[in-house]
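# Chains, contacts and geometry: an overview
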Amino acid sequence: AMARKNSKVAGVPMRLIGADATAMPLPDESVDVVVSDLPFGRQQGSVEENASLYPQLLAEIARVLRKGEGHSRAVLFTGQESSHLLPIGAAAAGLTVVAQIPLKFGGNMDELHCVLFCLVRGPEAS
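Procedures and definitions
- Residues numbered from 1 in each chain as written.
- Predicted model: local features only at pLDDT ≥ 70, side-chain atom pairs only at ≥ 80, totals over all residues.
- Heavy atoms only, no water.
- Helix = DSSP H or I, 4+ residues; strand = E, 2+ residues; numbered from the N terminus.
- Buried < 20%, exposed > 50% of the residue type's maximum accessible area, 1.4 Å probe, protein only.
- Contact = heavy atoms within 4.5 Å.
- Areas by Shrake-Rupley, 256 points an atom, 1.4 Å probe, with all protein chains shown as cover.

## Remarks on the overall build of the chain
A count of helices and strands for the chain gives three helices and four strands. Mapped in sequence order, the helices and strands of the chain form the string α-β-α-β-α-β-β. Taking all 126 residues of the chain together, 31% fall into the buried category. Partitioning the intrachain contacts of the chain with sequence separation of at least 6 by distance along the chain shows that 70% fall at a separation of at least 24. Taken as a whole, the chain presents about 7,800 Å² of accessible surface, with 57% of it coming from carbon and sulfur.

As structure tokens, then:
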């Protein structure tokens, strides 16, 4: 609900859906950008569960992202403890990590270390 409100206030048209990230109800190559706050394995799931989840969702992201210049971007946020899983799963899905940005998360910028990943479809890193 908050994302819809923010989109409206900013005047940015977008289609927001809630779905299983491993089986999105979207046609192949139909999405310009994917943005997701992934389960870190802290409050939801576990790092062990993420080891099977992340490759599945990265394959699904690669399936729905459009091909071509100016398309095919994904921005994914995860906890440091699961961050090693993303580059491996991305490469297997045909996605390239173009940026990996470490962050501290929480209202007081405490010890919850997280990583923001920027991905593109295919080997191009422009």
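## Quick notes on the environment of Ala-59
With respect to the helices and strands, Ala-59 occurs in helix H2 (residues 47-64). Taking relative accessible area as the criterion, Ala-59 reaches 40% and is therefore assigned partly exposed. Along the chain, Ala-59 and Gly-89 lie 30 residues apart, while their C-alpha atoms are 7.8 Å from each other.

## A short note on the environment of Val-115
Mapping Val-115 onto the fold places it in strand S4 (residues 112-121). Along the backbone, Val-115 and Phe-105 are ten residues apart, and their C-alpha atoms lie at a distance of 9.4 Å. Those residues in contact with Val-115 that lie beyond four places of it in its chain are Leu-76, Phe-77, Thr-78, Gln-80, Ser-83, Gln-100, Ile-101 and Pro-102.

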